[in-house]
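# Observations on the model geometry
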Amino acid sequence: MFVREFRKARGAVVSDISGPYDETIRIISDLPRPRPVRMSSKGKQMGLVVLSVPLVVFALAAYEQRHHPTPGTTMEGLLKFFGEGVGVMAGLFWLPPYVKHKPLITEGELAIGRITKFDKGRIIYVFYEFETPSGERVFKMSTTFRTDLAAGMKLPVFYNRENPKKAVALCASLYDVALPH
């Protein structure tokens, strides 16, 4: 289904409209590299989920253990399970995007992308495109927490010069550029 939606969004012709990133694009383009970054609200919420899910599982297991002791299960075993749970969740869900996004935002090339489709369902998807100076047109799709976006709006996209498909739009990143006041 998403492939069909992505292809439909790629072919859409959308006119430019004003958006929340218009002023930000101008400011970011004047910033020297490495750009100063801070964790975005999406990054903070994702970190909270990664830490809270194993903690809740640990609390429920500890409560159950206290009321109904099971042979072989100890508090040390539960603590070990909690630590491993945090490690696995961080390794699978939390760390890879942080490792990929930060270098792109701080050192990557800046392109002005355009939203081709904005799908506001249970999970908010943003389909966007941008063009490199060499003329290569790149189409991407990401999730975002922003609800104030629409098709036709411009947004900053950071990409790797050698491989433009390695890119992240600022609205989908786990980092924000710390803009000067």
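Coordinates for the structure precede this section.
Structure report, in brief. From a predicted model like this one, the values you see are computed outputs, not experimental measurements.

## Comments concerning the packing of aromatic side chains
- Per the stated rule, a full pass over the model turns up one aromatic pair.
- Sitting above the plane of the Phe145 ring, Lys42 keeps its charged end 5.9 Å from the centroid.

## Some details on the sheet that holds strand S4 (residues 137-144)
- In space, the five strands of this open sheet follow the order S4-S3-S2-S5-S6, with antiparallel pairing throughout. Every other strand in the sheet has two partners, leaving S4 and strand S6 (167-169) as the edge strands with one partner each. Pairwise comparison of adjacent strand axes, ignoring direction, gives a mean angle of 35° for this sheet.
- Packing against the sheet, helix H4 (residues 75-107) makes contact with strand S2 (109-120), strand S5 (154-159) and S6, and its axis sits at approximately 80° to S6.

## Points about a nonpolar patch on the surface
- Residues Val49, Val53, Val57 and Phe81 make up a contiguous nonpolar surface patch of about 310 Å² in total accessible area.
- A per-element tally of the nonpolar patch places helix H3 (residues 41-67) first, with three residues.
- Structurally, Val49 can be placed in helix H3.

## Re the pattern of salt bridges
- On inspection of all chains with the given rule, the structure shows seven salt bridges.
- When the shortest N-O distance is used, the salt bridge between Arg114 and Glu129 registers 3.8 Å. Highlighted residues: Arg114 in strand S2 and Glu129 in strand S3 (residues 124-131), separated in sequence by 15 residues.
- On the basis of relative accessibility, which here comes to 23%, the residue Arg114 falls in the partly exposed class.
- Given the relative accessible area of 8%, Glu129 is considered buried.
- For the salt bridge of Arg137 with Glu131, the shortest nitrogen-to-oxygen distance reads 3.1 Å.
- By relative accessible area, Arg137 is classed as partly exposed at 41%.
- The exposure class of Glu131 is partly exposed, given its relative accessible area of 41%.

Reading guide: rules and limits
Residues numbered from 1 in each chain as written. Predicted model: local features only at pLDDT ≥ 70, side-chain atom pairs only at ≥ 80, totals over all residues. Heavy atoms only, no water. Phe/Tyr/Trp six-rings, centres within 6.5 Å; stacked < 30°, edge-to-face > 60°. Lys NZ or Arg CZ within 6 Å of the ring centre and 35° of its normal. Pairing = 2+ DSSP bridges. Helix = DSSP H or I, 4+ residues; strand = E, 2+ residues; numbered from the N terminus. Axes fitted to C-alpha atoms, helices over the stretch in contact; angles between N-to-C directions. Contact = heavy atoms within 4.5 Å. Patch = residues over 30% accessible without salt bridge, like charges linked within 9 Å, V, L, I, M, F, W, Y side chains within 5 Å. Areas by Shrake-Rupley, 256 points an atom, 1.4 Å probe, with all protein chains shown as cover. Salt bridge = Lys/Arg side-chain N within 4 Å of Asp/Glu carboxyl O. Buried < 20%, exposed > 50% of the residue type's maximum accessible area, 1.4 Å probe, protein only.

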